[in-house]
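Given next are the chains, with one letter for each unit.
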Amino acid sequence: MRITRASEAVGATVEDVDVNDLSDQEFADIRAAFFDHGALFFRDQTLTPEQHVRFAKRWGSIDINRFFQGRPGYPEIAEVLKEPDQKLNIGGGWHTDHSYDQAPAMGSILYALDIPPTGGDTLFAGMAAAYEALDDDMKNRIKDLKARHGNAHIFGEESKYRKAVGDRYTNADRAGQTAVHPVVLTHPESGAKGLYVNPGFTLEIVGMEPDESKALLQQLYDHIGQDRFHHRHKWREGDLAMWDNRATWHYALNDYQGHRRYLNRITIEGVALA
């Protein structure tokens, strides 16, 4: 097994390994690399749904997604699907999964089944690298701030995005959760400091006037948006990617109109953030 850095800011590639046949030591090495790099990319995997679930359970309890369509017969697996006649994709903007939950999901494990001939890449951004690159004035400004996150504008009854995505999202009546988390997160596993706000689900900086909150969030988003903090994963069928939701953003590019893209995702439960 070989683990090599995918970019300076985020991600590592894991080669010469079958996730269905990991020794305890190999799994321990992979787990350490996951918390070190924020995302891992495995090529040439062959997973049945049962094997996907089994691998996910080695990481922790599975978070059953309440808004995605589940794979028939496998409620643990959410379908990330865009058919050739659909225009809007799922995840087509920078975001962090489940930041609106009191205990945000630890990570997501995504397996590629049907990939378009071109396009459909996923971008990842590293929050620890982005934090470390801030100047001292900004670090001091944000060190004690908290932000409110929510999901109604994406998954709720009145969400234009949910209506456009259609029946690929479910349970709109169960949206509306909000949670408050630190803007600067100390990672519960690695201890590294990283930014924990995202354009998809962060609503406001708590206790700040709306205009000031919006301006500060946009300043942080512009900073994280620099290419130096990113890695672009070019999918192939059989790829397995997993990312730490406490340490990364991701963005599924929607540049493959007229083609099918189908992946299966399992999400692992996390802990409340301090």
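The coordinates are above.
For the structure given in this document, a descriptive report is provided here. Since we're looking at a predicted model, the values are computed, not measured. (Residues numbered from 1 in each chain as written. Predicted model: local features only at pLDDT ≥ 70, side-chain atom pairs only at ≥ 80, totals over all residues. Heavy atoms only, no water.)

Description of the pattern of salt bridges
Thinking step 1. Per the stated rule, a full pass over the model turns up 15 salt bridges.
Thinking step 2. The salt bridge involving Arg265 is made with Asp97; its shortest N-O contact spans 3.3 Å. Pair noted here: Arg265 is in strand β17 (residues 261–268) and Asp97 is in the loop between β6 (74–82) and β7 (107–114), with a separation of 168 residues, a long-range link.
Thinking step 3. In this structure, Lys234 engages Asp121 in a salt bridge whose closest nitrogen and oxygen atoms are separated by 3.2 Å. Of the two residues, Lys234 is situated in the loop between β14 (230–233) and β15 (240–244) and Asp121 in the loop between β7 and β8 (122–126); the sequence distance between them amounts to 113 residues. (Salt bridge = Lys/Arg side-chain N within 4 Å of Asp/Glu carboxyl O. Helix = DSSP H or I, 4+ residues; strand = E, 2+ residues; numbered from the N terminus.)

Considerations on the environment of Leu145
Thinking step 1. Position of Leu145 among the secondary structure elements: in the loop between α4 (136–142) and β9 (146–150).
Thinking step 2. Spatially, the C-alpha atom of Leu145 lies 7.3 Å from that of Val206, the residues being 61 residues apart in sequence.
Thinking step 3. Once residues lying within four places of it in the same chain are set aside, the contact partners of Leu145 are Pro182, Val183, Ile205, Met208 and Leu216. (Contact = heavy atoms within 4.5 Å.)

Quick notes on the sheet that holds β9
Thinking step 1. Taken together, three strands build an open sheet; the order of strands is β10-β9-β13 and the sheet is antiparallel. Two strands in the sheet have a free side with no partner beyond their single neighbour: β10 (178–182) and β13 (202–205). Direction aside, neighbouring strands of the sheet carry axes that sit 30° apart on average.
Thinking step 2. Taken together, the five bridges between β9 and β10 define a ladder with antiparallel strand orientation. When the bridges of β10 are listed, His149 appears paired with Ala179. (Pairing = 2+ DSSP bridges. Axes fitted to C-alpha atoms, helices over the stretch in contact; angles between N-to-C directions.)

Describing the layout of surface pockets
Summary: where empty space remains is shown by rolling a probe the size of a single water molecule over the atoms.
Thinking step 1. The volume enclosed by the largest pocket comes to roughly 440 Å³.
Thinking step 2. Lining the largest pocket we find 31 residues, and of these Ile90, Gly91, Gly92, His95 and Tyr169 sit closest to its centre.
Thinking step 3. Going through the elements one at a time, β8, α5 (152–155), β16 (248–252) and β17 are the ones with two or more residues in the lining of the largest pocket.
Thinking step 4. A per-class count over the lining of the largest pocket returns 18 nonpolar, ten polar and three charged.
Thinking step 5. Estimated volume of the second largest pocket: approximately 290 Å³.
Thinking step 6. For the second largest pocket, the lining is made up of 23 residues, of which Phe35, Asp36, His37, Ala128 and Ala247 are closest to its centre.
Thinking step 7. Taken together, the residues of the lining of the second largest pocket break down into nine nonpolar, nine polar and five charged. (1 Å grid on protein atoms, 1.4 Å probe; cavity = no way out; pocket = protein on both sides within 12 Å on 5 of 7 lines; lining within 4 Å. Points joined across faces, edges and corners; volume = space filled by probe spheres on them. Nonpolar A, V, L, I, M, F, W, Y, C, P; charged D, E, K, R; others polar.)

Regarding the side chain of Glu79
Thinking step 1. Relative to the helices and strands, Glu79 resides in strand β6.
Thinking step 2. We note that Glu79 is buried and unpaired, the nearest opposite charge coming from Arg71 at a distance of 5.4 Å.
Thinking step 3. Excluding residues within four positions of it along the chain, Glu79 makes contact with Phe68, Gln69, Gly70, Arg71, Pro72, Ile90, Tyr262, Leu263 and Asn264. (Buried < 20%, exposed > 50% of the residue type's maximum accessible area, 1.4 Å probe, protein only. Lys, Arg positive; Asp, Glu negative; His and termini not counted.)

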